[in-house]
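A structural walkthrough
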Protein chains: 2
Amino acid sequence: MTKPERPLRADAARNRRLLLEAAAAEFAERGLDASMADIARRAGVAKGTVFAHFATKEELIVATVGHYFAELTALARRLLDAADSGAALLEFLTVACGNQQQHDLAFLQTVTEGDSEVTRLRNELHESIGALVDRAREAGAVRPDIIGTDIFLLICAPVHAVGFLAKPDPDLWRRYLAIIFDGLRPEGASPLPHPAPTWP
Amino acid sequence: MTKPERPLRADAARNRRLLLEAAAAEFAERGLDASMADIARRAGVAKGTVFAHFATKEELIVATVGHYFAELTALARRLLDAADSGAALLEFLTVACGNQQQHDLAFLQTVTEGDSEVTRLRNELHESIGALVDRAREAGAVRPDIIGTDIFLLICAPVHAVGFLAKPDPDLWRRYLAIIFDGLRPEGASPLPHPAPTWP
DNA sequence: CCAGAACATGACCTCTCGGTCAAGTTGCTA
DNA sequence: TAGCAACTTGACCGAGAGGTCATGTTCTGG
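Everything in this summary refers to the structure shown in the same document. Within every chain, residues take consecutive numbers counted from 1 along the sequence as written. In the order they appear in the text, chains get letters beginning with A and ligands get numbers beginning with 1. Totals for whole chains, interfaces and linings use all residues, but because this is a predicted model, local features are given only for residues with pLDDT of at least 70 and pairs of side-chain atoms are given and counted only at 80 or more. Side-chain metrics in this entry use all non-hydrogen atoms of the structure; hydrogen atoms and water are not considered.

1. Here we look at the packing of helix α5 (residues 85–102) of chain A against helix α6 (residues 116–138) of chain A
Residues and elements named next belong to chain A. Put simply, the test is: To get an axis, a line is fitted to the C-alpha atoms, and for a helix only the part in contact is used. The angle between two axes follows their N-to-C directions and goes from 0 to 180 degrees. Secondary structure follows DSSP: runs of H or I at least 4 residues long count as helices, runs of E at least 2 residues long count as strands, and numbering of each begins at the N terminus. It is the rotation of the near helix from the far one that decides the hand of a crossing: anticlockwise by less than a right angle makes it left-handed, clockwise makes it right-handed. Between two residues, a contact is recorded if the distance between any of their heavy atoms is within 4.5 Å.
Packing of α5 against α6 brings their axes to within 7 Å, and their N-to-C directions diverge by 145°. Regarding α5 and α6, the two cross each other, and that crossing is left-handed. Residues S85, G86, L89 and F92 of α5 touch α6, and the partners they reach there are L125, I129, L132, V133, R135 and A136.

2. Examining helix α1 (residues 10–30) of chain A
All names here are of chain A. Formally: Under the convention used throughout, the expected extent of a helix is 1.5 Å for every residue step, that is, one less than its residue count. Burial status follows relative accessibility: with a 1.4 Å probe on protein chains alone, a residue under 20% of its type maximum counts as buried, one over 50% as exposed, and anything between as partly exposed.
Here α1 is 21 residues long and its end C-alpha atoms lie 30 Å apart, about the 30 Å a rise of 1.5 Å per residue gives. All buried positions along α1 are accounted for by A12, N15, R16, L18, L19, A22, A23, A24, A25, E26 and F27. Buried residues along α1 sit in contact with α2 (36–43), α3 (47–53) and α4 (57–79). Positive backbone phi, at 70°, marks G31, one or two positions downstream of α1.

3. Section: the protein's contact with DNA strand C
Note the following rule: Definition of nearness: a residue and a molecule or strand are near each other if at least one heavy atom of the residue lies within 4 Å of the molecule or strand. Under this definition, polar contacts are N or O atom pairs within 3.5 Å; protein pairs additionally need one hydrogen-donor-capable and one acceptor-capable atom, and for neighbouring residues in sequence, both atoms have to be side-chain atoms. The classification used treats Ala, Val, Leu, Ile, Met, Phe, Trp, Tyr, Cys and Pro as nonpolar, Asp, Glu, Lys and Arg as charged, and all other residues, Gly among them, as polar.
Surveying the vicinity of DNA strand C reveals 21 residues, the closest of which are A:R9, A:N15, B:M36, B:K47 and B:K57. Of all atoms in DNA strand C that approach within 4 Å of the protein, 65% are sugar or phosphate atoms. Contacts to DNA strand C include A:R9, whose side-chain N or O atom sits 2.6 Å from a base nitrogen. In the model, a base oxygen of DNA strand C is placed 2.5 Å from a nitrogen or oxygen of the B:K47 side chain. Taken together, the elements giving at least two residues each to the surface near DNA strand C come down to α1 and α3 of chain A together with α1 (10–30) and α3 (47–53) of chain B. Its residues assigned to classes, the surface near DNA strand C shows eight nonpolar, six polar and seven charged.

4. So, the layout of surface pockets
This is how the line gets drawn: The definitions used throughout rest on a 1 Å grid laid over the protein atoms alone, on which a cavity is an enclosed set of points accommodating a 1.4 Å probe that cannot get out and a pocket is an open set flanked by protein within 12 Å on both sides along at least five of seven lines; lining residues are those having an atom within 4 Å of a point. Grid points are joined across faces, edges and corners, and a volume is the space filled by probe spheres set on the points.
Estimates place the volume of the largest pocket at around 1,900 Å³. Taken together, 50 residues line the largest pocket, and the ones lying closest to its centre are A:D104, A:F107, A:H160, B:F107 and B:H160. Among the elements of the structure, α1, α5 and α8 (157–162) of chain A together with α1, α5 (85–102) and α8 (157–162) of chain B are those that each provide at least two residues to the lining of the largest pocket. Residue composition of the lining of the largest pocket, grouped by class: 26 nonpolar, 15 polar and nine charged.

5. Looking at unusual backbone geometry
The omega angle of the peptide bond from A:W199 to A:P200 is -5°, so this bond is cis rather than trans. For A:P200, the location among the structural elements is in the segment after α9 (173–184).

6. Let's talk about the packing of aromatic side chains
Residue and element names in this part refer to chain B. Put simply, the test is: Any Phe, Tyr or Trp ring, taking Trp's six-membered ring, that has another such ring centre within 6.5 Å forms a pair; planes under 30 degrees apart are called stacked, those over 60 apart edge-to-face, and the others tilted.
Considering all chains together, one arrives at four aromatic pairs over all chains under this definition. Measuring from ring centre to ring centre gives 5.0 Å for F152 and W199, while their planes differ by 75°; the resulting arrangement is edge-to-face. Linking F152 in helix α7 (residues 148–154) with W199 in the segment after α9 (173–184), this pair joins segments that are 47 residues apart in sequence. Given the relative accessible area of 5%, F152 is considered buried. Overall, W199 belongs to the partly exposed group, its relative accessible area being 23%.

Below, the structure written as structure tokens:
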């Protein structure tokens, strides 16, 4: 359902893009309660047009979260070539958190469990992060008992933590990313009380 | 609005307690979308009874999250007498996460911003955590650049991280609490890239 | 440039939600 | 135990949600 067989008409393609942008913005601001009507208004189209492109609200969420995963995957793959693998992992987390600070869409993924397309993109992201973490671990940049899934789960922690403040400094998440990253280093690591999670 | 002037009638007091329990359970399961009707059904009363006790949904949320804060505050104060202040802080985080794993109500606090009663209880919790952290810092159990507000913000991180897994092991959060707590230790701490947040 | 397919529109449907209230029921006190 | 205030009940309301569709508009290939 990602790419239609026949190419879209020019105006339809434009509207689809506007809708996805509006959806990302509305979901980030209002959470799951963002209404289809508001998304349509923000995109500058009528309500019916939204449903012409995405049959249900869930389908729109799927498209939005899919795009979100794909972006992170591309970032992770780009960083696989970096010379310093430890710095590459930190860079990945930093850019991912920065994205999330602007547009927090991570919560959407809980709604899309069961969708095959999202699952595929999610697995791709997981795999890319796994490769990034493996390199960092082999280089001794992170503790040996950490795996890719751990990082996958911890990506959102810094931004989420900051969210409990009413008017947080937009860069405060960097503080918590640094703390968590210190917890990932091999120096002074205490034994973990629970085995690594299995995927999925 | 916490304590009524006149004591409640026996049946009313019982219903109020049942309602708060039902609300906590429903909010934890369904999030903010939990409906007043479902909460009423779960408590075994009619819908009108809910509104007889809590005039609006927000008022019910306020009562629920207030109770949540009060519990954590009591826990923090209890631990202030512990011999090992570092272990006491870890114990606080462990019990808090364990609570949250059963009943995740932390997200409710974002809705109740502006309510004076919740703000008071929230400040009390913040203060209690501050005392706990101060003791741990003076004992050299946590790095010197950490303050109580940091811990306040990080409480929910381990459970939240685990939430991205579809069917997570109910104890997996202990792994991420251990990682984050390692990041809080003085050994091998790197300089933090952002100053501590101000309260509130 | 025009015919017709592709697309956009907004009034309309149904359903569920938070919230109200007159009428009935129950616990407490004198 | 009688009587009244306190409490409960469930039918009801308006608002707003997701979703539909007949009609009107616009792009595009020939």
